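Fold and contact review
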Amino acid sequence: MWRTVVFFTEVAVAVAVVIWFLDRPGEVFIEWQGWELETSFGVMALAILITVIFLSTLYILWKWIKRQPREILRSRRYRLEAKGYRALTDGLAAVAAGDARVAKKLARKVDSLLKEPSLTLLLSAQAAQLDGDEIAARQYFEKMLDRSETEFLGLRGLILQALRDSDDASALKYSQRAYFLQPSAAWVLETLVSLHTKEGRWREAQLLVEEAQRHKRMSVEKGRYQQAVLLTERARLSIHDNKLSQAFEQVRKAYNLDPTNSAATVLLANLLSKEGKKRHSRKIIERSWRLEPHPSLCQAYLEIVGDVSELDRYRSVVQLTKDNRDHPDSRFAIAEAALAASLWGETKQQLEALERLSPTARVFRLWARLAELGAEDDIAARRWIDRSTEAEADRTWVCSKCGTVADDWASMCLNCDSFATQLWKQPPRAHRAIIPSDLPLGSNLSEKKPEIDSSSAVIEPEIISRLK
């Protein structure tokens, strides 16, 4: 619309100018250096217009000729860059495919085409790592530290190498530098916390977690949980150093942050019990049991109850589980106490309910004890024991990072040194496949499925990739 208006406006102006000149004819006379020129005004104007157009054309042509070498060089550079980026993409694909030879070849090609160390150093380092040349990879990572745009990536590579070589001092140094560059990077924070906790520097780790919470770099739930774990460890250290008042304050804060932390609950209850506050300590355990039952809570509760009759211990367990009676751990604790008190009917009732709710190995082992003590039936007890070997595994402490199973809670995994990754859950269960001995060599296994040996079931770790 506007273009049309502008066009007609320009045409109207041009027509008006022509008409104006036609209405005002005249003569032009020029005398210069003995030369005389006499013509009409219209011819003179036309000559000037043609001269301007000619000079403009010459100027445009001159600029085009002057610009051509630069355009040719730029076009060549663009073609080389396109080849370089294509080689970079292919090199990263080769790294992902595990082809070290192709990756190193493409890294050299990228370096010659792009002349951009910030783009090629990482590919060269990964290719060297893939080829098993850790020295060359370290050299590439160290070169990356000299450039601001690749410094963080170089630090990451050096941190991973140091952790793989169990060089905690170097890993800590590089991690602190990386944290200064990008404090919001979750993996840097996790690495720093793990390195501090591995050396027992609980206070330093807690300061990092608190700072991450203040700047909202960590979720509220995760921050409260990790602080509770760190405070529990600090309380244990204070008890070891005979600083009981300091330990009490630390574990009390840990309990307030996370009442479901069974380790903090048991430690706080024991400290209160030693001060003669047994009623208070029992209330604390009852609250934690109501939120999340755990066998260690029941054990600590009965220790606080003290040396009483088995029937009184049964009544104490009933008191502990009154607000969470239908939970499998509550029913199992009642069944154990009832069996110890020779309450066969109550034991059987709880075990029957557990067979429906949570038929794990411990349920069938308790059935076997009931058969031995109650009915004195050794054959039935052996049948229950056989069923326990085929049942689902009982819940235990499992590292969410590497899958390592532990009997007791710890703030760090003893296998992978990761911090606050132990979860109370059923471990993964796998069955061992028995390949039939009569299966011909090279035959298709899908034609004859192997048998599954349930009795030889083994626990396999869950492998969960963390670093991105």
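Residues numbered from 1 in each chain as written. Predicted model: local features only at pLDDT ≥ 70, side-chain atom pairs only at ≥ 80, totals over all residues. Heavy atoms only, no water.

1. Side note on the environment of Q206
With respect to the helices and strands, the residue Q206 is situated in helix α9 (residues 202–214). For Q206, a relative accessible area of 1% puts it in the buried group. Considering only alpha carbons, one finds Q206 and H196, 10 residues apart in sequence, at a separation of 9.4 Å. If we ignore the near neighbours within four places in the chain, the residues touching Q206 are Q227, L230, L231 and R234. (Helix = DSSP H or I, 4+ residues; strand = E, 2+ residues; numbered from the N terminus. Buried < 20%, exposed > 50% of the residue type's maximum accessible area, 1.4 Å probe, protein only. Contact = heavy atoms within 4.5 Å.)

2. Structural notes on the environment of K198
On the secondary structure map, K198 appears in helix α8 (residues 186–198). A relative accessible area of 35% means that K198 is categorised as partly exposed. When neighbours within four sequence positions are excluded, K198 is seen to be in contact with D168, M412 and D417. At 3.2 Å, the side chain of K198 and the side chain of D417 are in polar contact. (Polar contact = N/O pair within 3.5 Å; in protein donor to acceptor, adjacent residues only side chain to side chain.)

3. Side note on the packing of helix α13 (residues 278–291) against helix α15 (residues 310–320)
Put simply, α13 and α15 touch, their axes get as near as 9 Å, and they point 55° apart. With respect to α15, the element α13 is oriented oblique. Residues R282, I285, E286 and W289 of α13 pack against S316, Q319 and L320 of α15. (Axes fitted to C-alpha atoms, helices over the stretch in contact; angles between N-to-C directions. Parallel < 35°, antiparallel > 145°, perpendicular 65-115°, else oblique.)

4. Focus: the sheet that holds strand β3 (residues 396–399)
Whether parallel or antiparallel, the strands of a sheet pair through hydrogen bonds between backbone atoms. What the three strands build is an open sheet, ordered β4-β3-β5; its pairing is antiparallel. Both outer strands of the open sheet, β4 (405–406) and β5 (422–425), are each paired with one neighbouring strand and no more. (Pairing = 2+ DSSP bridges.)

5. Let's talk about the packing of aromatic side chains
Under the counting rule described, the total for this entry stands at five aromatic pairs. With a centroid separation of 6.0 Å and 20° between ring planes, the pair formed by F364 and W384 is classed as stacked. Note that F364 is positioned in helix α18 (residues 361–375) and W384 in helix α19 (residues 378–390), a separation of 20 residues in sequence. Accessibility assignment for this pair places F364 and W384 in one class, buried. Every member of this aromatic cluster is reached through a ring pair, and the members are F364, W367 and W384. (Phe/Tyr/Trp six-rings, centres within 6.5 Å; stacked < 30°, edge-to-face > 60°.)

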